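Observations on chain architecture
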Amino acid sequence: SANFDLMRNGLANAIADGTIVPQGGSVEISAVQFGSGVTTYVDPTVIASQGAADAVANALRSMPKLGGTTNMAAAVSACAALITGSCGTSRQVINLVTDGAPDDASAAVAARNSAVAAGVDEINAEAVAAPGGAVDFLRDQLVYPGPGY
């Protein structure tokens, strides 16, 4: 629970801070949470004001913690579908935050490759209290372009 709170509050605080996430309409944010399944908590939202930023931040802060495994492949696929369907030719970035290794590393890499083929420009990952093997996977296999650091 503490790691989940760190993740969601850190993201929410960054989004609400106009010095970190521009609030002039140049950024669109979506948010999904993944465990055994994937749930969208923020549909594609253009951050065009402090009010829009606060609404996204509040949605993240009130997001309940899902249980289950680490279905990273489904998460990457869901994110790719959200952003490639909404932001057109703009730079498209998936930022994945996790505390675990994927249920299926091959499926996660295949989902990453499909996302890139669909137009996603970059896939970042942050490991929060994740085991070393998960960090290695994220850095060496999932991050695009890779390797990460």
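The structure we're discussing is the one just above.
One structure accompanies this document, and this report is about it. (Residues numbered from 1 in each chain as written. Predicted model: local features only at pLDDT ≥ 70, side-chain atom pairs only at ≥ 80, totals over all residues. Heavy atoms only, no water.)

**Quick word on the overall build of the chain**
A tally of helices and strands in the chain yields five helices and four strands. Going residue by residue from the N terminus, the α and β elements of the chain occur as α-β-β-α-α-β-α-β-α. Compactness check: the chain gives a C-alpha radius of gyration of 15 Å against a globular reference of 15 Å for 149 residues, within 12% of the reference. Taking the principal axes of the C-alpha coordinates as reference, the chain spans close to 40 × 35 × 25 Å. Considering the chain as a whole, with its 149 residues, one finds that 37% of them fall into the buried category. Within the chain, contacts between residues separated by at least 24 positions form 67% of all contacts whose residues are at least 6 apart in sequence. When the accessible surface of the chain is totalled, it reaches about 7300 Å², and 52% of it is carbon and sulfur. In the chain, the 6 positive side-chain charges and the 13 negative ones have mean positions that sit 3 Å from each other. (Helix = DSSP H or I, 4+ residues; strand = E, 2+ residues; numbered from the N terminus. Rg over C-alpha atoms; globule rule 2.2 N^0.38 Å. Buried < 20%, exposed > 50% of the residue type's maximum accessible area, 1.4 Å probe, protein only. Contact = heavy atoms within 4.5 Å. Areas by Shrake-Rupley, 256 points an atom, 1.4 Å probe, with all protein chains shown as cover. Lys, Arg positive; Asp, Glu negative; His and termini not counted. Charge placed at Lys NZ, Arg CZ, Asp CG, Glu CD.)

**Some points on the layout of surface pockets**
Roughly 1400 Å³ of internal volume is contained in the largest pocket. Forming the boundary of the largest pocket are 47 residues, of which Leu11, Ser30, Ala31, Asn95 and Leu96 lie nearest the centre. Those elements that provide at least two residues to the lining of the largest pocket are helix 1 (2-16), strand 1 (28-34), helix 3 (72-84), strand 3 (93-98) and strand 4 (122-127). When the residues that make up the lining of the largest pocket are grouped by side-chain class, the tally is 25 nonpolar, 16 polar and six charged. In this structure, the second largest pocket occupies an estimated 190 Å³ of space. Lining the second largest pocket are Asn124, Ala125, Glu126, Ala127, Val135, Leu138, Arg139, Val143, Gly148 and Tyr149. Elements that contribute at least two residues to the lining of the second largest pocket include exactly strand 4 and helix 5 (132-142). (1 Å grid on protein atoms, 1.4 Å probe; cavity = no way out; pocket = protein on both sides within 12 Å on 5 of 7 lines; lining within 4 Å. Points joined across faces, edges and corners; volume = space filled by probe spheres on them. Nonpolar A, V, L, I, M, F, W, Y, C, P; charged D, E, K, R; others polar.)

The quantities given are spatial measurements derived from coordinates; they are silent on function.
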